[in-house]
Amino acid sequence: MALLQISEPGQSSAPHQRRLAAGIDLGTTNSLVATVRSGEAVTLKDQQGFDSLPSIVHYANLGIEVGRLAKEHAISDAINTIVSVKRFMGRTLTDIQANYAELPYVVSATENGLINIETRHGKVNPIQVSSEILRPLIALATKSLGGELDGVVITVPAYFDDAQRQGTKDAAELLGVKVFRLLNEPTAAAIAYGLDHDDEGVIAVYDLGGGTFDVSILRLSKGVFEVLATGGDSALGGDDFDNLLAQWIYQESGYTGDHSPALQREISRIACDAKEHLSKHDIAPLVLDLPCGSRWQGEISRATFDALIAPLVKRTVMASRRAVRDAGIELSDINQVVMVGGSTRVPCVRERVASYFQRELLTSIDPDKVVALGAAIQADILAGNKPDSDILLLDVLPLSLGLETMGGLTEKVIPRNTTIPVAKAQEFTTFKDGQTAMAIHILQGERELVEDCRSLARFELRGIPPMAAGAAHIRVTFQVDADGLLSVSAMEKSSGVKSSIEVKPSFGLTDNEVATMIKDSMTFARDDMDARMLAEQKVEASRVLEGLISAINDDGNLLNDEQLAPIRHAMMMLEQAVQAGELALIKDAIAACDEVSQDFAALRMDQSIRQALSGQSVDDI
Amino acid sequence: MDRLKPMNYFQLFALTPSFEIDLVELKTKYLDLQRAVHPDKFANASERERLISVQKAAQINDAFSVLNANDSRAQYLLELAGFELAHETQTLKDPMFLMQQMELREALEDITSASDPEQALIDFQAEISLYINEINNQFVTLFSRNDTDSLTTAADLVRKLKFMLKLAQEALRVEEKIFAY
């Protein structure tokens, strides 16, 4: 009977079911999740009423704590409390140690030189830590939306390279969550303000968070968002404002006694409160209980505070100036300036930035939420909940991709700022007689020397038939998807002999490391694991069936009955497999559906291309 | 990618193969095509459809970048006519042209020390674009004749065009220096 149901034209199994999607801002200091409800993007609040989750993970004696609970242990159990893990994503241990000299963690390197942090739960890497931050956010969205998510959009800094992007995506996938798309943070902020509806324009996004400052210059032309330049300072943020203010309070109080961590934390808290108070008032009262039992009372004016932080604000303006120059544009070309990050609430920051860019700033959306809100809007569109939307985000590759050639030099295969997705092939040859293998080293970066670029992956192409030097033709193909993620394949094609290998440089971990990580992430018993895999395959099966039903409804006319029959048969088999509830059966049936519908899918794509063009010529007439 | 038979780039954009194409029309069609095939439109589709979508979108991006620039479009037209220029090792055998290139390069180097470098650079850039226009015009004429001799000469023109475009690039670098961006 199922077969009849499928073949009846005009019927679909789940008509206009709203898909559940969320946008996640996985931040250095705080993370948020947002979704679109009744056409409006909103951030989601946890049970305590907070919508921002501190990006801190505490590996406690009993279980893992995330967010505010974890923050309480940041000092008392620093060694097991990972703060701002985003700084470590996709970075090598050497890199991290050079940038952050005084990390309180016990660290080691993976086989490929990436960082592992030794906690009381054993070794963890930045991907695992990030997935712990994502876990409560996804649980919150699932609970709030009332069902499993169909997918999420996660934001990443525009300058993130392949390893950092892949790591972010893997963090979500460790939780079994589908990532619709990685979205650049500045692009997300621009979407939240609806700037994608403009036709043309240059947008500056000024993002001053707790611990980092990023500035990006974007160009929007006919629906294409292009990142022209990014800049900033990875060690400058609102926390530095607090520290300066705390120092000032300490001096003003005249206290010279013991300098306990508790007192330091208390002063930091007072400083942070005062900073926030000064965003709305001209004077902030200060009260500090000193360990000697006495109480100090004072006040700070906005003018004094402004003078304290002026050098830091100036640094952000200098970085903005540099980004504008790197973008190759004039200041007057900039149409909009979007303010992101909690620290942009500080009036003095807004004044200085407005006076540099010589225009009014976009500040109407909460700067802590704007990135998550933009991600939610994009997630809603990608989920298919807004079929009429014609927004198209064409991203560009942030850094060039290339290969190592003789003499430690890099040869660029895909230059930066190429619109993605993109596929490019380059041919190489052997340089020794009888050479049967070739090492391929994939790099990302702008510099000429291999050692100055980031090494993404190495692999070897073996089985090249022995030939004279220069006679073999090795074709290396780079493919970058819409998220900016790369896969590389190599093939020897001379004399008809072909062999190929496919690598996914991923996060630079070896297959073994990946396997262990996935095993570790499964805190389930064996049965639970099977149940989880079965549930995942069932979801995938319904995705495949739903897709085919609507494809046949829309474009069934592309095929004759003879061509349709095997597809319908495969669909029926899949339905039966789902009903039988057997994992292996479902997997095979999905593969069979996929196999018989290949040509149909290609035909449909060609048809939509023709339609896109004919729509055009009708307009012309 | 074997399954997706490589469509001629002009066909892909429903354009008649020609050197002179309407770049605005090309861009409009490019965006229409991307709207139809971009992976974002297939976020919920099956793996197979997503794979095809990525490949098509990449192909359309590549086609657009080839057709959008004069030199790559000219080279592509010649390729369609059976003249492979992409991986050639053959060099340009035109002593007059090469001599002119050397002179132009020297002129460019001297600009920074000219009495009025800004004006000198503007003049230089104008001269280069004149040469480029001239090459483009000659290419159109030769290419339309469509016989082996004309096409062979047209291939030389594409090689010359590449020299000129490289020079224009270097002029931009000098511009950056002079105007101290």
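Our subject is the structure that appears above.
Residues numbered from 1 in each chain as written. Chains lettered and ligands numbered in written order. Predicted model: local features only at pLDDT ≥ 70, side-chain atom pairs only at ≥ 80, totals over all residues. Heavy atoms only, no water.

*Asks:* Requested: an account of helix 7 (residues 238-253) of chain A, with residues and values cited.
*Replies:* Residues and elements named next belong to chain A. Between its first and last C-alpha, helix 7 extends 23 Å over 16 residues, near the 22 Å set by a 1.5 Å rise per residue. Looking at helix 7, one finds that the buried residues are Gly-238, Phe-241, Asp-242, Leu-245, Ala-246, Trp-248, Ile-249 and Ser-253. What you see down the axis of helix 7 is that its buried residues fit within an arc of 165°, all on one side. Turned more than 90 degrees away from the buried face of helix 7, the exposed residues are Gln-247 and Gln-251. (Helix = DSSP H or I, 4+ residues; strand = E, 2+ residues; numbered from the N terminus. Expected span 1.5 Å × (residues − 1). Buried < 20%, exposed > 50% of the residue type's maximum accessible area, 1.4 Å probe, protein only. Arc of directions from axis to C-beta.)

*Asks:* If you had to explain the environment of Leu-228 of chain A to someone new, which residues and values would you point to?
*Replies:* All names here are of chain A. With respect to the secondary-structure elements, Leu-228 resides in strand 15 (residues 224-233). On the accessibility criterion, Leu-228 (12% relative accessible area) is buried. The spatial distance from the C-alpha of Leu-228 to the C-alpha of Leu-218 is 5.4 Å, given a sequence separation of 10 residues. Each residue touching Leu-228, except ones within four places of it in the same chain, is listed here: Ile-217, Leu-218, Arg-219, Ala-327 and Ile-329. (Contact = heavy atoms within 4.5 Å.)

*Asks:* Account for the packing of helix 7 of chain A against helix 9 (residues 302-326) of chain A, naming residues and giving values.
*Replies:* All names here are of chain A. It is at 10 Å that the axes of helix 7 and helix 9 come closest, and there the two elements cross at 135°. Classed by the angle they form, the pair helix 7 and helix 9 counts as oblique. Between helix 7 and helix 9 lies a crossing whose hand is right-handed. On helix 9, the residues touching Asp-240, Phe-241, Leu-244, Leu-245 and Trp-248 of helix 7 are Thr-304, Phe-305, Leu-308, Ile-309, Leu-312 and Val-313. Here the residues of the contact of helix 7 with helix 9 sort into 9 nonpolar, 1 polar and 1 charged. (Axes fitted to C-alpha atoms, helices over the stretch in contact; angles between N-to-C directions. Parallel < 35°, antiparallel > 145°, perpendicular 65-115°, else oblique. Left-handed = near helix turned anticlockwise from the far one by under 90°. Nonpolar A, V, L, I, M, F, W, Y, C, P; charged D, E, K, R; others polar.)

*Asks:* How would you explain the side chain of Gln-537 of chain A if you had to name every residue and give the values?
*Replies:* All names here are of chain A. Within the element layout of this structure, Gln-537 appears in helix 13 (residues 526-555). A relative accessible area of 19% means that Gln-537 is categorised as buried. Ignoring sequence-local partners within four residues, the contact set of Gln-537 consists of Leu-583, Ile-586, Lys-587 and Ile-590.

*Asks:* Tell me what's going on with the nonpolar core, and back it up with residues and numbers.
*Replies:* Counting 60 residues, the largest nonpolar core has Phe-13, Leu-67, Leu-78 and Phe-139 of chain B as its most contacted members. Taken together, the elements giving at least two residues each to this core come down to helix 16 (598-620) of chain A together with helix 1 (9-12), helix 2 (23-37), helix 3 (47-68), helix 4 (70-80), helix 5 (95-111), helix 6 (117-145) and helix 7 (148-178) of chain B. Considering every element that reaches this core, the biggest residue donor is helix 7 of chain B, with 11 residues. Not counting residues up to four positions away in its chain, the partners in contact with Phe-13 of chain B are Leu-613 of chain A together with Leu-26, Lys-29, Tyr-30, Leu-33, Ile-60, Ala-63, Phe-64 and Leu-67 of chain B. Within the second largest apolar cluster, 48 residues are counted, among which are Tyr-206, Ile-267, Ile-270 and Cys-348 of chain A. (Core = buried A, V, L, I, M, F, W, Y, C linked by side-chain atoms within 4.5 Å.)

*Asks:* Before we move on, could you go through unusual backbone geometry and cite the residues and values that matter?
*Replies:* With omega at 0°, the peptide bond leading from Ile-420 of chain A into Pro-421 of chain A counts as cis. Tracing the sequence through the fold places Pro-421 of chain A in the loop between strand 20 (409-414) and strand 21 (422-428). Look at Ser-84 of chain A: it is not a glycine, yet its phi comes out positive at around 50°. Mapped onto the fold, Ser-84 of chain A is located in the loop between strand 7 (81-83) and helix 3 (93-99). Even without glycine at this site, Ala-14 of chain B takes up a positive phi of about 50°.

*Asks:* How would you explain the interface of chain A and chain B if you had to name every residue and give the values?
*Replies:* Contacts between the two partners involve 42 residues from chain A, matched on the other side by 39 residues from chain B. One salt bridge connects Arg-181 of chain A with Asp-40 of chain B, and the closest N-O pair in it is separated by 2.8 Å. Joining chain A to chain B, the criterion identifies 6 residue pairs in polar contact (both at pLDDT 80 or more). Residue contributions to the side of chain A that touches chain B peak at 12 residues, all from helix 16 of chain A. (Salt bridge = Lys/Arg side-chain N within 4 Å of Asp/Glu carboxyl O. Polar contact = N/O pair within 3.5 Å; in protein donor to acceptor, adjacent residues only side chain to side chain.)

*Asks:* Pulling in residues and values, what's your account of the sheet that holds strand 15 of chain A?
*Replies:* All names here are of chain A. The strand order across the open sheet built from 4 strands is 15-14-13-18, with neighbouring strands paired in mixed fashion. Every other strand in the sheet has two partners, leaving strand 15 and strand 18 (334-340) as the edge strands with one partner each. Across the sheet, the mean angle separating the axes of adjacent strands is 20° when strand polarity is ignored. Bridge analysis of strand 14 (residues 213-221) against strand 15 gives 9 bridges, and the strand direction is antiparallel. Counted as the bridge partner of Ser-216 is Thr-230 from strand 15. Those strands touched by helix 6 (residues 185-192) are strand 13 (200-208), strand 14, strand 15 and strand 18, and its axis lies near 60° from that of strand 14. Contacts from helix 9 reach strand 13, strand 14, strand 15 and strand 18, with the element oriented near 30° to strand 14. (Pairing = 2+ DSSP bridges.)

*Asks:* Go over the side chain of Gln-128 of chain A, please, and point to the residues and values.
*Replies:* Residues and elements named next belong to chain A. Within the secondary structure layout, Gln-128 lies in helix 4 (residues 126-145). Take Gln-128: its relative accessible area is 12%, and that puts it in the buried class. One polar contact links the side chain of Gln-128 to the main-chain amide nitrogen of Asn-125, over a distance of 2.9 Å.

*Asks:* Residue-level account of the packing of helix 3 of chain B against helix 4 of chain B, with values.
*Replies:* Residues and elements named next belong to chain B. Packing of helix 3 against helix 4 leaves a shortest axis separation of 5 Å and a crossing angle of 100°. When the axes of helix 3 and helix 4 are compared, the pair comes out roughly perpendicular. Within the contact between the two elements, helix 3 uses Ser-65, Val-66, Leu-67 and Asn-68 and helix 4 uses Asn-70, Ser-72, Arg-73 and Tyr-76. Here the residues of the contact of helix 3 with helix 4 sort into 3 nonpolar, 4 polar and 1 charged.

*Asks:* So what's going on with the pairing of strand 17 (residues 295-301) of chain A? Which residues, and what values?
*Replies:* All names here are of chain A. By the bridge criterion, 7 bridges tie strand 16 (residues 283-289) to strand 17 in an arrangement that is antiparallel. Among the inter-strand pairings, Ala-284 is bridged to a residue of strand 17, identified as Ile-300. Where strand 16 folds back onto strand 17 in an antiparallel hairpin, the turn is made up of 5 residues, including Gly-293, whose phi is positive at roughly 100°.

*Asks:* How would you explain the pattern of salt bridges if you had to name every residue and give the values?
*Replies:* Residue and element names in this part refer to chain A. Counting across every chain of the model gives 35 salt bridges over all chains. Notably, a salt bridge pairs Arg-91 with Asp-95, separated by 3.0 Å at the nearest N-O pair. Linked by salt bridges that have partners in common, Lys-45, Asp-51, Arg-345, Asp-366, Asp-368 and Lys-369 make up one network.

*Asks:* Which residues make up the environment of Asp-239 of chain A, and what are the values?
*Replies:* Residue and element names in this part refer to chain A. Considering the arrangement of structural elements, one finds Asp-239 in helix 7. Judged by its relative accessible area of 38%, Asp-239 falls in the partly exposed class. Put simply, Asp-239 and Arg-18 are 221 residues apart on the chain and 41 Å apart in space, counted from C-alpha to C-alpha. If we skip the residues at most four places from it in the chain, Asp-239 touches Gly-210 and Gly-211.

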